[in-house]
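# Structure at a glance
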Amino acid sequence: MSNKKKVMIKTYGCQMNEYDSQQMLSDLEGLDYLKTEDQQEADLILLNTCHIREKAAEKVYSELGRIKTLKEKNRNLKIGVTGCVAQAESTEIFKRQPAVDFVIGPQAYHKFPKIINELKKGKKELIETSFEAKEKFKKLKKGKTEAKSSAFITIQEGCDKFCTFCVVPYTRGKEVSRKKEDIVSEAETLVKKNVKEVILLGQNVNSYSSNGETLASLIEALSEIEKIERIRFMTSHPNDMTDELITIFGTNKKLMPFLHLPVQSGSDKILKLMNRKHTIKDYKQIISKLRNARDDICFSSDFIVGFPGETESDFEETLSLCEHVEFSQAYSFNYSSRPGTTASGREEIEDFKKKERLLRLQKLLETKQKAFLRNQLGKTVKVLFEKRGKNPNEYIGRSDYFYPVAVESNYEIIGEIKNVKVESCLKHSVKGCLLG
Ligand code: SAH
Ligand code: SF4
Ligand code: F3S
């Protein structure tokens, strides 16, 4: 019997948090913890949290309310809150939920050894929320993520844009980029584990800048690693879509023809109130340049519906932008006022209006997604298989255009790129058959 302690991590929010959770797990392995999925046997439970909308943050407190009862059975259980709620609410968390033992902000995970040591000494209400992204980057374990065919690599953190609705500049701090050599060496370690696709992550990934390197030059460097077959990046801001970056969509064969480029609203008036610093004309121009560079490229976006000041006609401009761009997929949310952001004091529009508009937008986006997927019927697409599906012999992967594809196969195909003929479409994915 191993007498190692067990840790369970529950992750909320964006891919950056998923990447961080993997990193925390490998750090904790070094501190003699084993990973568990079963909270009943855990000695340490971490909630890696998200603060982006009110609902996301409130979920954390209801989960804390549930897991605190586990302390009655296991008196040694420690509970930690990490991620963006940790940063935003810091000591408030202990007041709202005294069962929490420690709080660590997203740029302070390299402080884990210190925290664990202090917990052992019986200390309570420990807190680390300094912004030390550079220190955190230095301590990142190279390619320590679990072996998968597709892997995330964080290349940049933080945001200097200050959109008026958004907490990220406050929870993740200033923009900081990782060194190119460290990223390339992490990618080299990942390919040894059969990773074929890397997804470069950053809150503003296309503002990446390190010793004269840009996101475009970094992608070119990564594509020289022979075993990397696909490269993607997210999330981009329209203002950082340089011509250099647009051009490589046409010239770099490993860069996939799919781009998540959030626009938030189709109205110039609302974009201004959001401090997005670009117009709809600018956005359309970027889309058209990208289509010129690579004609099969497709797009995804995020939308906020019901931002303070949004009129029916502003909202209709969002609908008409969706008609124009024909997004292959998109995420849309009702505006949620966040403490500390510039927009938080502004008069909000009525809830029922917000909800009604969101439904209309989602219906339109769904129609566009369906049309996009229907257009794939009969085509042969390349799919990187990532996991098993629910049915026996079913495997799931993603096409170059990022939509999920399911096939049946009598032999194991995880980690392989195969040609698939698309035969039928579901709501957000397709089914097909393996060719050759
Ligand atoms: N850095 C990325 C996205 C960050 S957050 C970008 O600039 O696009 C992910 C998405 O959450 C945003 O694109 C936005 O659509 C949504 N979001 C952020 N703050 C929000 C808020 N206060 N209410 C509703 N949605 C929000
Ligand atoms: Fe938030 Fe805007 Fe920064 Fe994106 S660019 S993380 S939406 S402040
Ligand atoms: Fe949420 Fe923080 Fe990501 S607020 S979306 S976990 S950067």
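Predicted model, so just to flag it, every value in this text is computed and none were measured.

A word on the site of ligand 2. With respect to spatial proximity, the complete set of residues near ligand 2 consists of Cys159, Lys161, Phe162, Cys163, Phe165, Cys166, Val168, Pro169, Asn204, His237 and Arg276. Class assignment of the residues belonging to the shell around ligand 2 gives a composition of 7 nonpolar, 2 polar and 2 charged.

The packing of two helices is summarised by the inter-axis angle and the distance between the axes. Between helix α13 (residues 280-293) and helix α14 (residues 312-325), the shortest axis-to-axis distance is 12 Å and the interhelical angle comes to 10 degrees. For the element pair α13 / α14, the angle class is roughly parallel. In this structure, α13 meets α14 at a crossing whose hand is right-handed. Contacts from Ile280, Tyr283, Lys284, Ile287 and Arg291 in α13 reach Leu321, His324 and Val325 in α14. Classifying every residue of the contact of α13 with α14 gives 5 nonpolar, 1 polar and 2 charged.

Attention shifts here to the packing of aromatic side chains. With the rule as written, the count across this model stands at 9 aromatic pairs. Look at phenylalanine 307 and tyrosine 335: their rings are 5.2 Å apart centre to centre, the planes differ by 75 degrees, and that puts the pair in the edge-to-face class. You can see phenylalanine 307 sitting in the loop between β15 (298-305) and α14 and its partner tyrosine 335 sitting in the loop between β16 (329-334) and α15 (351-374), a full 28 residues away along the chain. Taking relative accessible area as the criterion, tyrosine 335 reaches 4% and is therefore assigned buried. Note on phenylalanine 372 and tyrosine 403: the rings are 6.0 Å apart at their centroids and 75 degrees apart in plane angle, and the pair reads as edge-to-face. In this pair, phenylalanine 372 sits in helix α15 while tyrosine 403 sits in the loop between β18 (394-399) and β19 (404-408), placing the two residues 31 residues apart along the sequence. Accessibility expressed as a relative area gives 17% for phenylalanine 372, which makes it buried. A connected cluster of aromatic rings, assembled from ring pairs, spans Phe165, Phe307 and Tyr335. Over the ring of phenylalanine 333 we find arginine 53, and its NZ or CZ is 3.7 Å from the ring centre.

Glancing now at the sheet that holds β15. Backbone hydrogen bonds hold the strands of a sheet together, and the pairing may be parallel or antiparallel. The strand order β14-β15-β16 describes an open sheet built from 3 strands, whose pairing is parallel. Each edge of the open sheet is held by one strand with a lone partner, namely β14 (258-260) and β16. Going across the sheet, the axis of each strand differs from the next one's by a mean of 10 degrees, ignoring polarity. In the sheet, β15 pairs with β16 via 6 bridges, with the strands oriented parallel. Looking at the pairing, serine 301 lines up with alanine 330 of β16.

Below, the discussion takes up the pattern of salt bridges. Any two side chains of opposite charge can pair, given that their charged atoms come close. For the coordinates displayed, the defined rule picks out 33 salt bridges. Of the charged contacts in the structure, one is a salt bridge between glutamate 350 and lysine 353, with a shortest N-O distance of 3.3 Å. For lysine 353, a relative accessible area of 33% gives the class partly exposed. Residue aspartate 351 pairs with lysine 355 through a salt bridge whose shortest N-O separation is 3.3 Å. Residue aspartate 351 and its partner lysine 355 are located together in helix α15, separated by 4 residues, close to a single helical turn. Residues joined by salt bridges that share partners form a network here, namely Glu310, Glu312, Glu356, Arg357 and Arg360.

On to the site of ligand 3. In the region of ligand 3, the neighbouring residues are Cys14, Asn17, Thr49, Cys50, His51, Ile52, Cys84, Arg172 and Gln203. Of the residues belonging to the shell around ligand 3, the class tally is 4 nonpolar, 4 polar and 1 charged.

In this section: the pairing of β18. Strand direction decides the pairing type here: strand β17 (residues 380-388) and β18, joined by 5 bridges, are antiparallel. Bridging across to β18, valine 383 finds its partner in serine 399. Between β17 and β18, which pair antiparallel one after the other, the connecting turn spans 5 residues, and asparagine 393 there sits at a positive phi close to 65 degrees. Once β18 ends, the chain turns through 4 residues before running back antiparallel as β19, passing phenylalanine 402 with a positive phi of about 80 degrees.

Before going further, it helps to examine the side chain of aspartate 43. Examined against the element boundaries, aspartate 43 turns out to sit in the loop between β2 (33-35) and β3 (44-49). In this structure, aspartate 43 is buried with no salt-bridge partner, the nearest side chain bearing the opposite charge being lysine 5 at 6.0 Å. Filtering out sequence-adjacent residues up to four positions away, aspartate 43 remains in contact with Lys5, Lys6, Asn74, Asn76, Leu77 and Lys78.

In this section: the nonpolar core. Within the largest apolar cluster, 52 residues are counted, with the highest numbers of intra-cluster contacts made by Leu200, Leu215 and Phe233. Examining the composition of this core, we find that 6 residues originate from one element, helix α10 (residues 215-223), more than from any other. Apart from the residues within four sequence positions on either side, leucine 200 is in contact with Ile153, Ile155, Val205, Leu215, Leu218, Ile219, Leu222, Ile231, Arg232, Phe233 and Met234. Membership of the second largest hydrophobic core comes to 23 residues, among which are Tyr12, Cys50, Val60 and Ala99.

Rules behind the numbers
- Residues numbered from 1 in each chain as written.
- Chains lettered and ligands numbered in written order.
- Predicted model: local features only at pLDDT ≥ 70, side-chain atom pairs only at ≥ 80, totals over all residues.
- Heavy atoms only, no water.
- Near = heavy atom within 4 Å.
- Nonpolar A, V, L, I, M, F, W, Y, C, P; charged D, E, K, R; others polar.
- Axes fitted to C-alpha atoms, helices over the stretch in contact; angles between N-to-C directions.
- Helix = DSSP H or I, 4+ residues; strand = E, 2+ residues; numbered from the N terminus.
- Parallel < 35°, antiparallel > 145°, perpendicular 65-115°, else oblique.
- Left-handed = near helix turned anticlockwise from the far one by under 90°.
- Contact = heavy atoms within 4.5 Å.
- Phe/Tyr/Trp six-rings, centres within 6.5 Å; stacked < 30°, edge-to-face > 60°.
- Buried < 20%, exposed > 50% of the residue type's maximum accessible area, 1.4 Å probe, protein only.
- Lys NZ or Arg CZ within 6 Å of the ring centre and 35° of its normal.
- Pairing = 2+ DSSP bridges.
- Salt bridge = Lys/Arg side-chain N within 4 Å of Asp/Glu carboxyl O.
- Lys, Arg positive; Asp, Glu negative; His and termini not counted.
- Core = buried A, V, L, I, M, F, W, Y, C linked by side-chain atoms within 4.5 Å.

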